[in-house]
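Residue-level structure breakdown
Each chain is listed here by its residues.
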Amino acid sequence: MCSPAGTSTRPTCTTDPGPWCTCPTPCAGAGSKTSTSSPCDEAVHAGAVMPRMGLTPDKVVAAAATLADRVGIHGLSLSPLAAELGVRVPSLYKHIGGLDDLRRRLAARGAVGLAAAVDTAAGSRHGRDALLAIGAAYRGYASANRGCYQAMACQPAAYERCAGAVDALLCRAALEHGIPASGAQRAAQAVRSALHGFVALEAVGGLGSAANDASFDVLMTLLERGLVPEPQPGTRELRLAALGLPER
């Protein structure tokens, strides 16, 4: 048990408490192989923070992602994260390089996660079905992983990696709608921009109290209808002539 050491009022262990002891002064019996005494008095250890065993960079990032989902990427800080993990802030630096490094890791996590989500959703679907599935998966991932999505959107390099994967799937859908290869990439970027704008506004309540599901359905319908081939030269004139209408 713990007792006063000399004239000091700070308690110190007089027995061997084991490697987990956090007494303010060194344990007198620490390192003794023959001690069989009980651990330190509970009163000494009551306020001690017990570190989570087996902490790794991946576990720190996973905990940060969960926290960022609640507070947003701009509300994320190391102090509450350390509290969530049961460690002190300096302990986090054994696994990450600081807050900026943590945000970069969250951005990378978001890029991989979103790309995987839309790829799984697209699967073997084609045309309209593929477009609607990609849109729903994009929105679903951003909503369920708010922190990582926001982190990714703030990190151009991470977002570009993800955008490439998303655009490839959207390009395929555009081509299947009859968009020529020369315009498929622009069409894919336009669709992705619309999806990003919707989920970004939805995340901050920018769509008001409207029924967001219905609004998203309207958006996807408009995007799908907008994926039409560019008219060939002379097409308008031929249609007017067929209808017997003069050109203007």
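Residues numbered from 1 in each chain as written. Predicted model: local features only at pLDDT ≥ 70, side-chain atom pairs only at ≥ 80, totals over all residues. Heavy atoms only, no water.

Let's shift gears to the overall build of the protein. Counting secondary structure elements, the protein contains eleven helices and two strands. Taken over 248 residues, the protein has a buried fraction of 36%. For the protein, the share of sequence-separated contacts (at least 6 apart) that also reach a separation of at least 24 residues comes to 56%. Summed over its atoms, the accessible surface of the protein is roughly 14,100 Å², and 57% of this surface lies on carbon and sulfur atoms. (Helix = DSSP H or I, 4+ residues; strand = E, 2+ residues; numbered from the N terminus. Buried < 20%, exposed > 50% of the residue type's maximum accessible area, 1.4 Å probe, protein only. Contact = heavy atoms within 4.5 Å. Areas by Shrake-Rupley, 256 points an atom, 1.4 Å probe, with all protein chains shown as cover.)

Take the confidence of the model for the protein next. Confidence in the prediction for the protein averages 79 pLDDT; 70% of positions are at 70 or higher. Predicted confidence is poor over residues 1–51, with pLDDT under 50, and the contacts of this stretch with residues over four places away or in other chains come to 64 contacts. (pLDDT = per-residue confidence, 0-100.)

The terminal C-alpha atoms of helix 9 (residues 181–203) lie 34 Å apart, and with 23 residues this matches the ideal 33 Å at 1.5 Å per residue to within 8%. Buried within helix 9 we find Gly183, Ala184, Ala187, Ala188, Val191, Arg192, Leu195, Phe198, Val199 and Glu202. Of the surrounding elements, those touching the buried residues of helix 9 are helix 6 (127–144), helix 7 (146–153), helix 8 (156–176) and helix 10 (212–226). Residue glycine 205 follows helix 9 closely and has a positive phi angle near 75 degrees. (Expected span 1.5 Å × (residues − 1).)

One finds Leu81, Leu92, Leu102, Leu106, Tyr138 and Met152 to be the most contacted residues of the largest nonpolar core, which totals 56 residues. Among the elements of the structure, helix 2 (57–71), helix 3 (78–85), helix 5 (99–122), helix 6, helix 7, helix 8, helix 9 and helix 10 are those that each provide at least two residues to this core. For this core, the leading source of residues is helix 8, giving nine residues. Sequence-distant contacts of tyrosine 138, that is, excluding residues within four places in its chain, are made with Leu114, Val118, Tyr149, Tyr159, Val166, Arg192, Leu195, His196 and Val199. (Core = buried A, V, L, I, M, F, W, Y, C linked by side-chain atoms within 4.5 Å.)

Quick look at the packing of aromatic side chains now. For the structure on display, the rule yields two aromatic pairs. A centroid spacing of 5.8 Å and a plane angle of 75 degrees characterise the contact between tyrosine 138 and tyrosine 149, whose relative ring orientation is edge-to-face. Of this pair, tyrosine 138 sits in helix 6 while tyrosine 149 sits in helix 7, and the two are eleven residues apart along the sequence. On the basis of relative accessibility, which here comes to 0%, the residue tyrosine 138 falls in the buried class. We classify tyrosine 149 as buried; its relative accessible area is 5%. When the centroid spacing of 5.1 Å and the interplanar angle of 65 degrees are considered together, the rings of phenylalanine 198 and phenylalanine 216 count as edge-to-face. Of the two residues, phenylalanine 198 sits in helix 9 while phenylalanine 216 sits in helix 10, which places them 18 residues apart along the sequence. (Phe/Tyr/Trp six-rings, centres within 6.5 Å; stacked < 30°, edge-to-face > 60°.)

Here threonine 56 lies in the loop between helix 1 (42–45) and helix 2. According to the relative accessible area criterion, threonine 56 is partly exposed, its value standing at 30%. Sequence separation of threonine 56 and isoleucine 96 is 40 residues, and the distance between their C-alpha atoms is 9.3 Å.

In this section: the layout of surface pockets. Left-over empty space is what a probe sized like a water molecule reveals as it rolls over the atoms. Estimates place the volume of the largest pocket at around 220 Å³. As for the largest pocket, its lining consists of 15 residues, and the residues nearest its centre are Tyr149, Gln150, Val199, Ala200 and Ala203. Contributions of two or more residues to the lining of the largest pocket are made by helix 6, helix 7 and helix 9. Counting residues per element, the lining of the largest pocket draws most heavily on helix 9, which supplies five residues. (1 Å grid on protein atoms, 1.4 Å probe; cavity = no way out; pocket = protein on both sides within 12 Å on 5 of 7 lines; lining within 4 Å. Points joined across faces, edges and corners; volume = space filled by probe spheres on them.)

Now for the packing of helix 2 against helix 5. At a closest axis distance of 10 Å, the pairing of helix 2 and helix 5 adopts a crossing angle of 80 degrees. One finds that helix 2 runs roughly perpendicular with respect to helix 5. Between helix 2 and helix 5, the residues in contact are Pro57, Val60, Val61, Ala62, Ala64 and Ala65 and Leu102, Arg105, Leu106 and Arg109, respectively. Across the contact of helix 2 with helix 5, the residue classes tally to eight nonpolar, no polar and two charged. (Axes fitted to C-alpha atoms, helices over the stretch in contact; angles between N-to-C directions. Parallel < 35°, antiparallel > 145°, perpendicular 65-115°, else oblique. Nonpolar A, V, L, I, M, F, W, Y, C, P; charged D, E, K, R; others polar.)

Structurally, the position occupied by cysteine 162 is in helix 8. On the basis of relative accessibility, which here comes to 2%, the residue cysteine 162 falls in the buried class. Through-space distance from the C-alpha of cysteine 162 to that of alanine 116 is 9.3 Å; in sequence the pair is 46 residues apart. For cysteine 162, the residues in contact, after removing those within four places along its chain, are Ala111, Leu114, Ala115 and Met152.

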